[in-house]
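Coordinate analysis (summary)
The chain contents come next:
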Amino acid sequence: MKQSADDLAILGGRVAFAAPLHVGRPNIGDRGALLTRINDLLDRCWLTNDGPFVQELEQRIAEFLGVRHCIAMCNGTVALEIAIRAAGLTGEVILPAFTFIATAHALQWQEITPVFCDVDPQTYTIDPFQVERLITPRTTGIIGVHILGQLCQVEALAEIANRHNLKLLFDAAHAFACSYKGTIIGNFGLAEMLSFHATKFFNTFEGGAVVTNNDDLATRIRLMKNFGFAGYDHVIHVGTNGKMSEVSAAMGLTGLESLEEFVATNYRNYKQYARELEGLPGLRLLTYDESERCNFQYIVLEVDEVVTNISRDKLMEILHAENVLARRYFYPGCHKMEPYRSYFPNAGLLLPKTEALVQRVLCLPTGTAIGPDEISKLCQVIRFVVAHGPELSLKLSAEQEEYLEEVVV
Ligand code: T4K
């Protein structure tokens, strides 16, 4: 329990948590079931290349999402690269600047220019009004990102894409098992990409998928993720290696069996954070529309420094010192990372909402690896920091100055 500033670890007090609390600790299903599946695949001696577990996982996910095709892949980035190529995107593609860098890289990797668009500061998703202003004769597509469990304005984007004859894809890396107006993701745009990375709500160690209701696209994607092979010695398309392995699919099948439990745990954590951080001036916890399906995987805090008198970055430093490894996803924005920062040095001028957001957002630990007592303790630290914002800001700046003087001397 922190009672004075000097109780904070950053100012020499005792560290609140003996072991680090991570954002993105994997949700792991029934270990016994996983090990049984791993034994099965070892007995079968079938380790990859469209094995039975991959086929079963694809079928289960397609059923779960109510979508015609699920093509499992080795990771979400490759899934997105292949979807982009299979959809025939070229020239320029519009995407939000507030996303994980992989969304932009998946385009740049194939020499398509990512055109960064601003976001809606309430939902963090791409702003359709701004999308329309960025369309040029070179634009071939839009990639919406359902970010941090918040879903894009799907209809508005579809309407713009239709009117301008653009392809619409979604990066749904954060939105597995979430719905928009009652329809579960996987059914929007031409195709949607899922990530099953270890840090995601549902994981296959590494992994991802493209889901689509378009038969032709699905056929092309299947070819492309397996070097273009249409049978032994028969290559009919350019391709790469995007295959998911059997051990990953075994993890996925096991995780699917615990999906409801993962959601329930995330929901319980989310409600606890909401209760314990309620009413703190200058802090906003990102809320979810509970009339929709949601994975509640992200606990996102927004810090308004003008009110708290302590910046998001200072709060993060304080938490890190307490062994809470909070993350400022997606600082500093894709447009501020290389190579985009060099290519488009003035991109920020068109991205005021993104630029403000990346200074405010902080993601906190959740998932099955954290319990109610830890959340209480963590929230107590946050409440203490907010209650003593100005004092802590001064103290920390003084400490920093002292440190700098020592270093310079
Ligand atoms: N689009 C979007 C919107 C995405 O967010 C992502 C990935 C992609 C596309 C691409 O999908 P993938 O190709 O990754 O399937 C992590 C993940 O590596 C990345 O998958 C994810 N987004 C991104 C948001 O977060 P980092 O750099 O934050 O990872 P790292 O290593 O710092 O791990 C995060 C925390 O999780 C650490 O504090 C430790 C903990 N952790 C991590 C791993 C891997 C564990 O406890 N166990 C683990 O096994 O990128």
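Shown above is the structure to which this text applies.
Residues numbered from 1 in each chain as written. Predicted model: local features only at pLDDT ≥ 70, side-chain atom pairs only at ≥ 80, totals over all residues. Heavy atoms only, no water.

**Examining the nonpolar core**
Definition in use: The definition of a nonpolar core used throughout is a set of buried Ala, Val, Leu, Ile, Met, Phe, Trp, Tyr and Cys residues joined through side-chain atoms within 4.5 Å. Burial classes: relative accessible area under 20% of the type maximum marks a residue as buried, over 50% as exposed, and values in between as partly exposed (1.4 Å probe, protein chains only). Any two residues whose heavy atoms approach within 4.5 Å at even a single point are treated as in contact.
Within the largest apolar cluster, 104 residues are counted, with the highest numbers of intra-cluster contacts made by I61, F176, L194, Y273, L319, L364 and I382. Not counting residues within four places of it along the chain, the set of residues in contact with L319 comprises V324, A326, L362, L364, L378, V381 and I382. By size, the runner-up hydrophobic cluster in this structure holds 34 residues, among which are A79, L107, A173 and L351.

**With respect to the site of the ligand**
So the rule is basically this: For this purpose, a residue is taken to be near a molecule or strand whenever a single non-hydrogen atom of the residue falls within 4 Å of it. Whenever a nitrogen or oxygen atom comes within 3.5 Å of another N or O atom, the pair is scored as a polar contact, on the condition that within protein one atom can donate a hydrogen and the other can accept it, and that pairs from neighbouring residues in sequence are kept only if both atoms are in side chains. Method for areas: the Shrake-Rupley scheme with a 1.4 Å probe, in which residue coverage is limited to the protein chains shown. For cavity detection a 1 Å grid was placed over the protein atoms alone, and a set of points counts as a cavity when a 1.4 Å probe fits there but cannot get out; an open set counts as a pocket when protein lies on both sides within 12 Å along at least five of seven lines, with lining residues being those that have an atom within 4 Å of a point. Think of it this way: a molecule belongs to a cavity or pocket when more than half its atoms come within 2 Å of the grid points there. Numbering of helices and strands runs from the N terminus, with a helix taken as a DSSP run of H or I at least four residues long and a strand as a DSSP run of E at least two residues long. Classification convention: Asp, Glu, Lys, Arg as charged; Ala, Val, Leu, Ile, Met, Phe, Trp, Tyr, Cys, Pro as nonpolar; all other residues, Gly among them, as polar.
For the ligand, the set of nearby residues contains 26 residues, the closest of which are R25, T77, D171, H174 and Y329. Between the ligand and S195, the relevant distance is 2.7 Å, taken from an oxygen atom to a side-chain nitrogen or oxygen of the residue. Y329 is positioned such that a nitrogen or oxygen atom in its side chain is 2.5 Å from an oxygen atom of the ligand. Contact with the protein chains hides 75% of the accessible area of the ligand, taken as 920 Å² for the molecule alone. One can see that the ligand is located within the largest pocket. Of all elements in the fold, only α3 (76–86), α4 (101–108) and β9 (191–195) reach the threshold of two or more residues within the shell around the ligand. Grouping the constituent residues of the shell around the ligand by class yields 10 nonpolar, 12 polar and four charged.

**Section: helix α2 (residues 52–65)**
Inclusion rule: One less than the number of residues in a helix, times 1.5 Å, gives the span that helix is expected to have. Think of it as the arc spanned by the lines of direction from the helix axis to the C-beta atoms.
The terminal C-alpha atoms of α2, which comprises 14 residues, lie 20 Å apart, in line with the 20 Å expected from a rise of 1.5 Å per residue. Within α2, burial applies to F53, V54, L57, E58, I61, A62 and L65. The arc that holds every buried residue of α2, seen down its axis, measures 165°, which confines them to one face. Exposed residues lying more than 90 degrees from the buried face of α2 are Q59 and E63. Directly beyond the C-terminal end of α2, a positive phi value near 65° is found at G66.

**Looking at the state of the cysteines**
Quick note on the threshold: Cysteine sulfur atoms that come within 2.5 Å of each other are treated as a disulfide pair.
Evaluation of the coordinates by the stated rule reveals zero disulfides. No disulfide involves C117; its sulfur sits 11 Å from the nearest other cysteine sulfur, which is in C152. The thiol of C334 is unpaired, and the distance to the nearest cysteine sulfur, on C117, comes to 12 Å. On the basis of relative accessibility, which here comes to 1%, the residue C334 falls in the buried class.

**Quick look at the packing of helix α9 (residues 259–276) against helix α14 (residues 372–387)**
Geometry of a packed helix pair, given as the angle between the helix axes and the separation of the axes. For clarity, the cut-off: To get an axis, a line is fitted to the C-alpha atoms, and for a helix only the part in contact is used. The angle between two axes follows their N-to-C directions and goes from 0 to 180 degrees. In this scheme, roughly parallel covers angles under 35 degrees and roughly antiparallel covers those over 145, while 65 to 115 is roughly perpendicular and the rest are oblique. For any helix crossing, the convention is left-handed if the near helix is rotated counterclockwise from the far helix by under a right angle, and right-handed if that rotation is clockwise.
It is the contact of α9 with α14, at a shortest axis distance of 10 Å, that shows an interaxial angle of 30°. Viewed along their axes, α9 and α14 adopt a mutual orientation that is roughly parallel. α9 and α14 meet at a crossing whose hand is right-handed. Taking contact as the criterion, the partners of R268, N269, Q272, Y273 and E276 in α9 are, on α14, P372, I375, S376, L378, C379 and R383. Grouping the amino acids of the contact of α9 with α14 by side-chain chemistry returns five nonpolar, three polar and three charged.

**Re the pattern of salt bridges**
In plain terms, the rule: Each reported salt bridge corresponds to a side-chain nitrogen of Lys or Arg within 4 Å of a carboxyl oxygen of Asp or Glu.
Under the defined criterion, the tally for this structure stands at 19 salt bridges. Put simply, E132, E159 and R163 are held in one network by salt bridges that share partners.

**Observations regarding empty space enclosed by the protein**
The test is simple: Grid points are joined across faces, edges and corners, and a volume is the space filled by probe spheres set on the points.
According to the stated counting rule, one finds one cavity of 30 Å³ or more in the structure shown. Quantified by volume, the largest cavity comes out at close to 40 Å³. Forming the walls of the largest cavity are A173, H174, A175, F176, S195, K200, F201, F202, N295, Q297 and Y298. Residue composition of the lining of the largest cavity, grouped by class: six nonpolar, four polar and one charged.

**Thoughts on unusual backbone geometry**
Phi is mostly negative for residues that are not glycine, and the peptide bonds are mostly trans. Looking along the chain, the bond that leaves Y329 and enters F330 is cis, with omega of 0°. Its place among the elements puts F330 in the loop between β15 (324–325) and α12 (340–343). With an omega of 5°, the peptide bond running from E338 to P339 counts as cis. Here P339 lies in the loop between β15 and α12. Phi at E111 is positive, roughly 55°, even though this residue is not glycine. Within the element layout of this structure, E111 appears in the loop between α4 and β4 (113–117). Although it is not a glycine, L148 sits at a positive phi angle of roughly 50°.

**So, the packing of helix α11 (residues 312–321) against α14**
One way to put it is that α11 packs onto α14 with a least axis distance of 11 Å and a crossing angle of 140°. By the criterion of interaxial angle, the relationship of α11 to α14 is oblique. The chirality of how α11 crosses α14 is right-handed. Between α11, through L315, I318 and L319, and α14, the contact on the second element is made entirely by L378, V381, I382 and V385. Classifying every residue of the contact of α11 with α14 by side-chain character gives seven nonpolar, no polar and no charged.

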